[in-house]
Amino acid sequence: MWLQAQKVQAYMVPDSAVTEGWLGFSFLARLCRLCLYTHRRMAITAEDVCLDRVLLIQEGFAVEEVPPENNLQIPGSDVTVQVTSGGASLLVRLPFGSHTQTFLREVRRRCSPGKKDATAADPEQSAAGEVTGAPRLKTANKMVPSSSVPASGPTQGLSTRPCGLRDTLVKSLLKQKESSYTHLQNFRFFVGTYNVNGQSPRGSLRPWLSQDGEPPDIYCVGFQELDLSKEAFFFNDTPKEEEWFKAVTESLHPGAKYAKGNKGGVAIRFQFHNSTVCVVNAHLAAHPEEYERRNQEVRDICARMQFHPLEPGCPLLAIKEHDVVLWLGDLNYRLEEQDMERVKKLIQTQDFQALHQHDQLKIQREAKLVFEGFQEGEISFQPTYKYNPGSDDWDDSAECRVPAWCDRILWSGKTVSLLSYQSHMALKNSDHKPVSAIFDVGVKVVDKKSYCKAFEGIVRSLDKMENASIPSVTLSKREFLFKDVKYLQLQVESFTISNGPVPCQFEFISKPNEDAYCKPWLIAKPSKGFLMPDSEVVIALELCVNKSTATALNSGEEKLEDILVLHLDRGKDYFLSVSGNYLPSCFGCPIQTLCYMKEPIREMLPEAIRELDVVLHQVMPI
C-alpha cells in the first residue's frame, strides 16, 4: 500500500478543468510520487473525492517556483509551482503559509539527491511518467493515511535560503540598532468580532464595519460559529464563508485596505513595515461556571500556537513574541452569580460600571490569572449576549441566559492607542451583537538612508572578524539524572550554555543511524538557537513517559538512558549524558498481562514481565 507522508491544499491555475483539490506526497518502499486529488464542492463521502493524476518522482523530476508577473513579490501571496516528471507537467497554486513550506521541505527531505532512482513502474504508468484515468477511491482513509517510513529518489526542489551565521548576526545587530533607522508612524486598525450563531448575513454590515468617517488602514475581522452544520466540522469548505466574506467586502469603508487570514486558522501574523502583528480569534468554553477552563484555554493557545518563519532553520515564533497582539472573539466570560432582574435593571439605567465589577474576565485579569500583559478598553455598552435572534430583546427561551459581555477585544503592545470600543445594536442576525475597536498603532517605518548606513557599518565591523577563533561554549552541567520517573509526570532538568567571545549557532543533532536527536520520552527546549558573544541561554531537558513509550520501559526493553550531542556551527560537539529510573505501572501494559500478574508490577523483575508478555502472546495472539 502507498503511504502518504504529507498533503497540502492545491488550486489548479486558470484554463484547467480542475479547480481545487489536494496535492499529496506518498511513497512505497523506494518509490515516491506526487498525487493530485480533486473533489466536489462540499465533499461529504469518499465518492466525492477522486485521484486525478500521479507524477512519479524519477530521473528528471523537478519542483520549481514560478515567479509572478514583473517579478513583483507580494508578501502573503500564494505560491505557484511547476512540477515536471519526464514529459508530464503540472502547474498548481499552493496557499501561502507554513503548511506549504513544510510540504515542500518534506518532498526535498525524503527525495534527497544521491540515492537510487525509483525505477520500478506502476502497471498503469504511461511513457511520460504520469498515471491517468485513476478510479475514484473506495474508502476515504486510503486518501490520507500517515506514516513515518522514509522514502528515496532523486529530486530537484525549490531553493531555500539557509539561516547562516553571518546572516543571523547581521539581523541581530540590525535589530539592536533598529531605533537608529526607524521612526514610529500611526496606522489605524479596525478590529471586530461577531458570533453569528450559524446564521447567514441579512442586510449590510456597514453599521458595524464603516461607522467611522475615516477609513482604517487595516481591517482585522473575526467570526465565531460561522457554520454549525456537521459538514463544516469535517471539511475545510463551507458556502457560508463566501457569504460572509462577500458581506464584509461590500460593507468595508470605501477605499479601505484590509487583510484576510487563511480559512480555518485561529490566528494570523504579518509584518507591517518593520513591526510584527499577530491577530488571534478565539471562541472559548461556554457556561458561567467554566471560567477556569476558559483561563486554561487561553494559556494553551499562548503556549501551543507557534508560527513557522518563512526562512527555514529559524526558531518558531510564539504569540507574545510580536510587537502588537490583537485578541478578539467570543471569549464567553459571564457575570458572576447575578440575578437576571438586577442585571436588567442596571442595564436599563446604563450603570455599566457597577455591572462590570461582576464581570468574570475583569475579575480573572485583576487576579493575574489570564491575559497577563493585555489591556482592554472601558466598557460603555450593554452586554452583547444573549438576545432573541432578529431583535434587541433579551433571551426569553427556557434557558433564559443572564446577559453578559461575551464578545471582547484585548490588545498588547507599547505603541497601541485605543480610540473607540463599542457594540453595534443595529445588527440583529444572531443572539450576539458584534463588537468593534478602533486603534492607532505606532508602526516602525524604515528610513532607507539610515538603514543603509547602519547596515554598512555592521558589515564593516564583521569583516574585521575574519580571523576570529572557533566558537566555544561552557556548559554548566553535562550529566543529568531523573529519579523515580512516573507515567505522564513531567520532570525537568536545566543547564546553562555560556558563550565565549565569538557568536555561535548551536543545535542538538542526531547520532549516526538515528532519526532524532533524542529518545521519544525526552525533549530539549530550545533545541537550537543563536548566541551573541558573552551571552548565555538556559536549556530545559523535559522528560515525560506517555502511552507510546511506557510499554517498552515497563518490560525493561528500553531504559531511561540517552546521549545528546550538542553541535556548534564551525565548532566542536559536546556530549550530554541523560539517565534515570522509571517506576513501572499498569499504564502502557497490555490488559491480558495485567490480568495474569500475581503481584504488583513494581515488585516484579522486568525479565518476568517480558516472559509473561511472550507467553500470553503465544497463547492469545493479537
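The notes below deal with the structure included here.

Thresholds, definitions, all that
- Residues numbered from 1 in each chain as written.
- Predicted model: local features only at pLDDT ≥ 70, side-chain atom pairs only at ≥ 80, totals over all residues.
- Heavy atoms only, no water.
- Helix = DSSP H or I, 4+ residues; strand = E, 2+ residues; numbered from the N terminus.
- Buried < 20%, exposed > 50% of the residue type's maximum accessible area, 1.4 Å probe, protein only.
- Contact = heavy atoms within 4.5 Å.
- Areas by Shrake-Rupley, 256 points an atom, 1.4 Å probe, with all protein chains shown as cover.
- Salt bridge = Lys/Arg side-chain N within 4 Å of Asp/Glu carboxyl O.
- Core = buried A, V, L, I, M, F, W, Y, C linked by side-chain atoms within 4.5 Å.
- Pairing = 2+ DSSP bridges.
- Axes fitted to C-alpha atoms, helices over the stretch in contact; angles between N-to-C directions.
- Arc of directions from axis to C-beta.
- Expected span 1.5 Å × (residues − 1).
- Phe/Tyr/Trp six-rings, centres within 6.5 Å; stacked < 30°, edge-to-face > 60°.
- Lys NZ or Arg CZ within 6 Å of the ring centre and 35° of its normal.
- Polar contact = N/O pair within 3.5 Å; in protein donor to acceptor, adjacent residues only side chain to side chain.

## What about the overall build of the protein chain?
Each helix and strand in the protein chain was counted, giving 14 helices and 27 strands. Per-residue burial over the protein chain gives 44% buried out of 622 residues. Residue pairs at least 24 apart in sequence account for 69% of intrachain contacts in the protein chain once pairs closer than 6 positions are excluded. Surface exposure of the protein chain reaches about 33,000 Å², of which carbon and sulfur atoms provide 52%.

## Examining the pattern of salt bridges
Close approach of charged atoms allows side chains with opposite charge to pair. Per the counting criterion, the structure on display carries 16 salt bridges. A salt bridge links Asp323 to Lys444, with the nearest nitrogen and oxygen atoms 3.4 Å apart. Taken as a pair, Asp323 in the loop between strand 14 (317-318) and strand 15 (324-330) and Lys444 in strand 18 (residues 435-446) lie far apart in primary sequence, 121 residues in all. The class for Asp323 is partly exposed, based on a relative accessible area of 28%. Between Lys362 and Glu366 there is a salt bridge, with its nearest N and O atoms 2.7 Å apart. Here Lys362 and its partner Glu366 are both found in helix 10 (residues 360-366), four residues apart, which amounts to about one turn of the helix. Among the charged side chains, a network of salt bridges with common partners joins Lys175, Glu178, Asp323 and Lys444.

## Here we look at the environment of Arg478
Along the chain, the position of Arg478 falls in the loop between strand 19 (473-475) and strand 20 (479-485). Residue classification places Arg478 among the partly exposed positions, given a relative accessible area of 41%. When the C-alpha atoms of Arg478 and Leu576 are compared, they prove to be 4.7 Å apart, with 98 residues separating the residues in sequence. In contact with Arg478, other than residues within four places in its own chain, are Tyr574, Phe575, Leu576 and Ser577.

## With respect to the nonpolar core
Ranked by internal contacts, the top residues of the largest apolar core, which has 33 residues, are Phe189, Leu326, Ile409 and Phe439. It is strand 18 that provides the largest number of residues to this core, a total of six residues. If you look at the next biggest cluster of nonpolar residues, it comprises 31 residues, including Val545, Ala550, Leu564 and Leu568.

## Structural notes on the sheet that holds strand 16 (residues 407-412)
Strand order across the open sheet formed by four strands is 11-12-15-16, with mixed pairing between neighbours. Looking at strand neighbours, the two that pair on one side only are strand 11 (267-272) and strand 16, the edges of this open sheet. Neighbour-to-neighbour, the strand axes of the sheet open up by a mean angle of 15°, direction not taken into account.

## Comments concerning helix 12 (residues 547-554)
Within the sequence span of helix 12, burial applies to Thr549, Ala550, Leu553 and Asn554. Angular distribution of buried residues about the axis of helix 12 spans 130°; they occupy a single face of the element. Backbone geometry just after helix 12 places Gly556 at a positive phi near 80°.

## Things to note about helix 6 (residues 239-251)
Taking 1.5 Å of rise per residue, 13 residues should cover 18 Å, and helix 6 covers 19 Å from first to last C-alpha, within 8% of that figure. Burial in helix 6 covers these residues: Lys240, Trp244, Ala247, Val248 and Ser251. The buried residues of helix 6 occupy one face: seen down the axis, they fall within an arc of 100°. Pointing more than 90 degrees away from the buried face of helix 6 are the exposed residues Glu242 and Lys246. Packed against the buried residues of helix 6 are strand 9 (182-195), helix 4 (206-209) and strand 10 (218-224).

## Structural notes on the packing of aromatic side chains
Under the criterion given, the structure shown has 19 aromatic pairs. Each ring, one from Phe223 and one from Trp244, has its centre 5.3 Å from the other, and the planes form 45°; the classification is tilted. Of the two residues, Phe223 is situated in strand 10 and Trp244 in helix 6; the sequence distance between them amounts to 21 residues. We note Arg294 situated over the ring of Tyr333; from NZ or CZ to the ring centre the distance is 5.2 Å. Lys433 extends its terminal NZ or CZ atom over the ring of Tyr387, reaching a point 5.0 Å from the ring centre.

## Quick notes on the pairing of strand 21 (residues 491-499)
Where strand 19 and strand 21 come together, three bridges link them in antiparallel fashion. What sits directly across from Leu475, in strand 21, is Ile497. Looking at chain direction, strand 21 and strand 25 (residues 536-543) are connected through eight bridges and run antiparallel. Residue pairing across strands places Val492 opposite Glu542, the latter belonging to strand 25.

## Comments concerning the environment of Tyr219
Following the sequence through the fold, Tyr219 ends up in strand 10. Along the chain, Tyr219 and Phe190 lie 29 residues apart, while their C-alpha atoms are 4.8 Å from each other. A distance of 2.8 Å separates a polar side-chain atom of Tyr219 from the backbone oxygen of Leu209. A polar side-chain atom of Tyr219 sits 3.1 Å from the main-chain amide nitrogen of His253.

## Overview of the pairing of strand 7 (residues 88-94)
Side-chain alternation along strand 7 places Ala88, Leu90, Val92 and Leu94 on a buried face and Ser89, Leu91 and Arg93 on a face that remains uncovered. In this sheet, strand 7 lies alongside strand 6 (residues 79-85) in antiparallel orientation, the contact comprising seven bridges. Looking at strand 7, one finds that Gln82 is bridged to Leu91. Connecting the antiparallel pair strand 6 and strand 7 is a turn made up of two residues, with Gly86 showing a positive phi of about 65°.

## Things to note about the sheet that holds strand 17 (residues 416-423)
Strands belonging to one sheet form pairs held by backbone hydrogen bonds; the direction of such a pair is parallel or antiparallel. Here four strands make up an open sheet; going across it, the order is 10-9-18-17 and the pairing mixed. Each of the sheet's edge strands pairs with one partner strand only, and the pair in question is strand 10 and strand 17. On average, adjacent strands in this sheet sit at an angle of 20° to one another, irrespective of strand direction.

## A word on the environment of Asp227
Mapped onto the elements of the fold, Asp227 is located in the loop between strand 10 and helix 5 (230-234). Distance in space between the C-alpha atoms of Asp227 and Asn197 is 7.7 Å, their sequence separation being 30 residues. Apart from residues no more than four positions distant in its own chain, Asp227 is found in contact with Ala232, Thr238 and Lys240. A distance of 2.8 Å separates the side chain of Asp227 from the side chain of Ser229, its partner in a polar contact.

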